[in-house]
Amino acid sequence: HNLGIGRRWRAATPVCPAGRRPQGMLAPLALMLMCFVPSAARVPQLLRSLPRFASGVKRAVRARGLTSTAMSGSGRSFGGRPGAPRMPPASAVAASSLASLEGQLAGTSAASGAGATLRLFNSLTREKEPFVPLSGGKAVSWYICGPTVYDSAHLGHLRNYVGFDIVRRVLEDYFGYDIWYVMNVTDIDDKLIMRAHRRRLQAALDALDGESALLADGSPLAAAAAAARSALGGAEKSISEVMAAQRGLRETASATAGAPARLAASGALRDCDPKAELLSLAREFEAEFFADMRRVNVRPPTAITRVTEYVPEVVSYIEQIERNGYCYATGEGSVYFDTVAFAAKHSYGKLEPGALESLELLSEGEGALSADAPAAAADASGKRRPQDFVLWKASKAGEPAWDSPWGEGRPGWHIECSAMASDLLGNAVDINAGGIDLKFPHHENQMAQCEAHFDCEKWVNTFLHSGHLSIDGRKMSKSLKNFITVDEALLTYSPSQLRFLFLLRGFSDPMEYAPNAMASAAAMHDRFREFLTSVDIRIRETTPSPPPSAEEAAKARSTSRQAPDATQEKWGVEERALASVLAAKRLEVHAALCDSIDTPGALRALEQLLREANRYLNARTPATTNRPLILEIGRYYSRMLGVFGVTDTPDPERYSPFGVGAGVADGAAGGVDAAFAAEPLVECLAAFRDDVRQLAAGGADPQALLKLCDRLRDVELRALGVRLEDRPDLPARWAIVPAAELRVEAEAAEKAAAERGGVREAAQAKEAAVRAMRAVPAGQMFRPEHDARFGRNEPFSQWDEHGVPTHGADGTELSKGARKKAQKAYDKQNANQDS
């Protein structure tokens, strides 16, 4: 009313039959939105009013039959489907403006996703929160708990590292954040120490296996070897038992007469050097882990930290916590975090308050070799209470040791992450991530140590935890022996297919591994890649023609002929509909990714776009396909799959709406790298040309040339990752596919061909047997020499004058039924021969 809009509303609004003005007259509302600029003081009032405005708009939309596409402003023209009521331009502006304004002012995403704000599920608050980096800009600090490198990685590890690789890629490549991504490698750990001793003992047994003469039954060395195998097998033995078995084996071998000098010289029976063996084992499995990560396309960290390289920093870190009054040393040389002293000034138990009394979890946090496992209220080591956790462990026999002010020992599990993350990321971190099983006690204690060291209230801004990967209802883990290694998984599925398994679940959601789930993920990956392959092929088939030259146009006019047309790119109804779907699905993908990186929701929107685009492609020939629109869809699809880390698909970016390579200077698109990439293909085609010339010079028939073409298609090009498909009356269709996948296809085709060949051979053998049976004269068919051919197990002994049997092998006369059956077979044989 202050703007005089009320008078214009009354003048412009028709009166309903009931005397009431219709709700939701959107054009005046659009005018209000454009004219009304709220001051800061009026924002709360406007926020309270917006829901009423929004509900009025929605009622008007439903009353007028307007589509949701039109509401979002992304439909063709201002309406939705062909023939639907069209929204006036001002109304469309009003609807989209209202949705956007409501989302921006209220801090929530608009229904269409246009005003969505990135929110992440923070395990610390157990809520989805707006993600605001501590830098106030795009710089983000992220610490992720890396592997304990004592064994091979399995799918449970991929759940964590591929899952967070997806989150990281979305933040970096989609939202544009600059992430400093730090990953640790735990190479000092109870499991590593135990594995090092067991491996040393196994090496000694392996060396003795070649000395059979020394391992005679009943010999002392045979008994010592049996004891060593017992220490390695069955239930997990303590480190002292493994060391005792190793010592007994070495001492017995040394005292055995005739023990070859080379056995002692080889060092196979030497004592285990805990530090050297631990480092050797850790480096071996660390290299394997990062090789596995490269195979599944996990982006490498910005920085890698190893505990063995950070022991001095860990010691200094503990000393600062000690100076702040949050830890205590024991008489035996260990240092423990004082949870009571810390809780008096800070908050302890933020992540899992209910877990503080779990003795099982507390014991797991201390390690299998700890004297405190299982946890006790107090013990001889000087630990004051079960919740206190070790920062520095005094080393015992058989354990590696480093110097410290408290004596020789090694870092506790939790302190390593605090010290290394603080060294590179400082006194506050945007994101700390890891598996859900690390939530307590590891992440709880890691956070407490950092806050104790810096004497601050909050060290981590956002905690991200990946959900468990279960198999048959149980967490996949080495201890349960229910794991599938990365090697085993990659024997059946490609890295991108495995990635789709994790894309189909939110990073924080628990998930169940099952063959049908993996097959569904692989099938979706294949649909997406096949779609991009179809787009790639259609783009190649629709290279646009240049417009007619001035001379051609003039000549056409002088001869009254129509000038040749360039490829038509004007949008029709179908193009407008497809463009509307593209715009809507882009918004849906954006809204899903803003919703705590909801990749399942994003994939659903992408699959809906795929179906609509496929309908368009299937209804159009190459000549009638709108090249720029299809290219735009392909580029968007390729970009989003690239954001998710899926890289085994065709890349439409190499095309231009104006033709292959348009706008690229000569030589700029290829260069030396392109020449090297093309070399295998050039060699293949050169060899094919030589073979064709040789056959042609020798007067070969067309079948030989066709056989050579088939070999090029099925063997040489497949080895280079090119799938070539013949099409009747059309040019061959080709696509770039991973060579490994083509090998799998070729093996499957060979197997199917072999099976068909086996069936064919069996049928041919059966047909030959039938022909051989029919060739036997009816009067001879019951003779003993033909029993095998006719499948008889026992011969006959007597026959009538026609050769029909009358008596069995034992001389007993055949029954009337048997005689009748034999006569029927005789008559049939006669008939077959007559025919």
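Please refer to the structure placed before this passage.
Described in the following lines is the structure provided in the data block.

Rules used throughout
- What you see as residue numbers is a count from 1 along each chain, following the sequence as written.
- Only residues with pLDDT of at least 70 are given local features in this predicted model, and only at 80 or more are side-chain atom pairs given and counted; all residues enter the totals for whole chains, interfaces and linings.
- Hydrogens and waters are ignored; side-chain quantities use all the structure's heavy atoms.
- Strands are runs of DSSP state E lasting at least two residues, helices are runs of H or I lasting at least four, and both sets are numbered from the N terminus onward.
- Relative accessibility thresholds used throughout: buried, under 20% of the residue-type maximum; exposed, over 50%; partly exposed, between the two (1.4 Å probe, protein chains only).
- The contact definition used throughout considers only heavy atoms, calling two residues in contact when any of these lie within 4.5 Å.
- In short, Shrake-Rupley with a 1.4 Å probe defines the accessible areas, and a residue's cover is counted only from the protein chains shown.
- Put simply, a salt bridge is a Lys or Arg side-chain nitrogen that is within 4 Å of an Asp or Glu carboxyl oxygen.
- To qualify as a nonpolar core, a set must consist of buried Ala, Val, Leu, Ile, Met, Phe, Trp, Tyr and Cys residues joined through side-chain atoms within 4.5 Å.
- Residues forming no salt bridge and having over 30% relative accessible area are the ones grouped into patches, like charges within 9 Å of each other and nonpolar side chains (Val, Leu, Ile, Met, Phe, Trp, Tyr) within 5 Å.
- Paired strands, in this sense, are two strands between which DSSP finds at least two bridges.
- Here an angle of 0 to 180 degrees is reported between the N-to-C directions of two axes, which are lines fitted to C-alpha atoms, with helices fitted over the stretch in contact.
- Take the number of residues in a helix, subtract one, and multiply by 1.5 Å to get its expected span.
- Buriedness of a pocket was judged along seven lines, with at least five required to meet protein on both sides within 12 Å; pockets are open sets of points on a 1 Å grid over the protein atoms alone, cavities are sets where a 1.4 Å probe fits but cannot get out, and lining residues have an atom within 4 Å of a point.
- Grid points are joined across faces, edges and corners, and a volume is the space filled by probe spheres set on the points.
- Amino acids outside the nonpolar list (Ala, Val, Leu, Ile, Met, Phe, Trp, Tyr, Cys, Pro) and the charged list (Asp, Glu, Lys, Arg) are all regarded as polar, and Gly is one of them.
- Working rule for angles: under 35 degrees goes down as roughly parallel, over 145 as roughly antiparallel, 65 to 115 as roughly perpendicular, anything else as oblique.
- When the centres of two rings from Phe, Tyr and Trp lie within 6.5 Å, Trp using its six-membered ring, the rings pair. Their planes under 30 degrees apart give stacked, over 60 give edge-to-face, and anything left gives tilted.
- Only Lys NZ and Arg CZ are tested; either one counts as a charge over a ring when it is within 6 Å of the ring centre and within 35 degrees of the ring normal.
- Identification of polar contacts relies on pairs of N or O atoms within 3.5 Å, with a donor-acceptor requirement for protein atoms, meaning one able to donate a hydrogen and the other able to accept it, and with residues adjacent in sequence counted only if both atoms are side-chain atoms.

1. Some details on the overall build of the protein
Consideration 1: Within the protein one finds 27 helices and 20 strands.
Consideration 2: Burial status across the protein gives 44% buried among its 835 residues.
Consideration 3: For the protein, restricting intrachain contacts to residue pairs at least 6 apart in sequence, the fraction spanning at least 24 positions comes to 69%.
Consideration 4: Split by element, the accessible area of the protein, about 41,800 Å² in all, is 55% carbon and sulfur.

2. A few points about the pattern of salt bridges
Consideration 1: Applying the stated criterion across every chain, the model contains 45 salt bridges.
Consideration 2: Across the pair R713 and D714 runs a salt bridge whose closest N-O atoms are separated by 2.7 Å.
Consideration 3: Across the pair R713 and D726 runs a salt bridge, and its minimum N-O distance is 2.4 Å. In this pair, R713 sits in helix α25 (residues 702-719) while D726 sits in strand β17 (residues 722-727), placing the two residues 13 residues apart along the sequence.
Consideration 4: A relative accessible area of 54% means that D726 is categorised as exposed.

3. Observations concerning the side chain of S496
Consideration 1: Structurally, S496 can be placed in helix α18 (residues 495-503).
Consideration 2: Overall, S496 belongs to the buried group, its relative accessible area being 7%.
Consideration 3: For S496, the contacting residues outside a window of four places in its chain are H525, V646, T647 and D648.

4. What to know about the nonpolar core
Consideration 1: Ranked by size, the top nonpolar core spans 112 residues in total, and within it W142, L171, F175, L249, L593 and F644 carry the most contacts.
Consideration 2: Top contributing element to this core by residue count: helix α6 (residues 155-174), with ten residues.
Consideration 3: If we ignore the near neighbours within four places in the chain, the residues touching F644 are I166, R169, V170, R499, L503, L593, T599, A602, L603 and L606.
Consideration 4: Y310, C327, L391 and V429 belong to the second largest nonpolar core, which has 46 residues in total.

5. Quick notes on a nonpolar patch on the surface
Consideration 1: Together, L681, L685 and L720 make up a nonpolar patch on the protein surface, roughly 230 Å² of accessible area in all.
Consideration 2: Relative to the elements of secondary structure, L720 occurs in the loop between α25 and β17.
Consideration 3: In this structure L720 comes out as partly exposed when scored by relative accessible area, which is 36%.

6. Points about the sheet that holds strand β11 (residues 460-466)
Consideration 1: Strand order in this open sheet of five strands is β5-β4-β3-β10-β11, and the pairing throughout is parallel. Each end of this open sheet is capped by a strand with a single partner; those strands are β5 (303-306) and β11. Strand-to-strand twist across the sheet, computed as the mean angle between neighbouring axes with direction ignored, equals 20°.
Consideration 2: Pairing between strand β3 (residues 139-144) and strand β4 (residues 178-185): six bridges, direction parallel. In the sheet register, S141 faces β4, and the bridge partner there is W180.
Consideration 3: Lying over the sheet, α6 contacts β3, β4, β10 (429-435) and β11, oriented at roughly 180° with respect to β3.
Consideration 4: Lying over the sheet, helix α15 (residues 413-425) contacts β3, β4, β5 and β10, oriented at roughly 150° with respect to β4.

7. Observations concerning helix α11 (residues 274-295)
Because the α-helix completes a turn every 3.6 residues, residues three or four places apart line up on one side.
Consideration 1: Between its first and last C-alpha atoms α11 spans 31 Å; for 22 residues at 1.5 Å apiece the expected length is 32 Å, and the two agree.
Consideration 2: Of the surrounding elements, those touching the buried residues of α11 are α6, β4, α7 (190-208), β5 and α17 (486-492).
Consideration 3: Backbone geometry just downstream of α11 places N297 in the positive-phi region, at approximately 65°.

8. Focus on the sheet that holds strand β13 (residues 474-475)
Consideration 1: The three strands are arranged β13-β12-β14 in an open sheet whose pairing can be described as mixed. Every other strand in the sheet has two partners, leaving β13 and β14 (511-513) as the edge strands with one partner each.
Consideration 2: When strand β12 (residues 469-471) meets β14, the two strands line up parallel, connected through three bridges. Its bridge partner lying in β14, I471 is registered against Y513.

9. Side note on empty space enclosed by the protein
Consideration 1: Throughout the structure, instances matching the rule amount to three cavities of 30 Å³ or more.
Consideration 2: Empty space within the largest cavity amounts to approximately 50 Å³.
Consideration 3: Every residue along the wall of the largest cavity is listed here: G163, I166, V167, F502, R505, G506, F507, I597 and T599.
Consideration 4: When residues in the lining of the largest cavity are grouped by element, the largest group, three residues, is from α6.
Consideration 5: The residue inventory of the lining of the largest cavity, partitioned by class, reads five nonpolar, three polar and one charged.

10. Describing the packing of α18 against helix α22 (residues 599-619)
Consideration 1: The N-to-C vectors of α18 and α22 enclose an angle of 110°; their axes lie 9 Å apart at closest approach. Of the possible angle classes, the one that applies to α18 and α22 is roughly perpendicular. Contacts between α18 and α22 pair F500, F502 and L503 from the former with T599, P600 and L603 from the latter.
Consideration 2: Across the contact of α18 with α22, the residue classes tally to five nonpolar, one polar and no charged.

11. Concerning the packing of aromatic side chains
Consideration 1: According to the stated counting rule, one finds 17 aromatic pairs in the structure shown.
Consideration 2: For the pair F342 and Y348, a centre-to-centre distance of 6.4 Å together with 90° between the ring planes defines the contact as edge-to-face.
Consideration 3: Given the relative accessible area of 0%, F342 is considered buried.
Consideration 4: Of note, K138 hangs over the ring of Y177, and the distance from its end group to the ring centre comes to 4.3 Å.
Consideration 5: Note that R384 overlies the ring of Y328, its terminal NZ or CZ placed 3.8 Å from the centroid.

12. Examining α18
Consideration 1: The buried fraction of α18 amounts to eight of the nine residues, a majority that puts the element mostly inside the structure.
Consideration 2: All of the buried residues along α18 are S496, Q497, L498, R499, F500, L501, F502 and L503.
Consideration 3: Here the buried face of α18 lies against α6, α17, β14, α19 (515-541), α22 and α23 (627-643).

13. Focus on the environment of S422
Consideration 1: In this fold, S422 is placed in helix α15.
Consideration 2: With a relative accessible area of 9%, S422 lands in the buried category.
Consideration 3: Separated by 32 residues in sequence, S422 and F454 have C-alpha atoms that sit 9.5 Å apart.
Consideration 4: Within the structure, the side chain of S422 is placed 2.7 Å from the backbone oxygen of S418, a separation counted as a polar contact.

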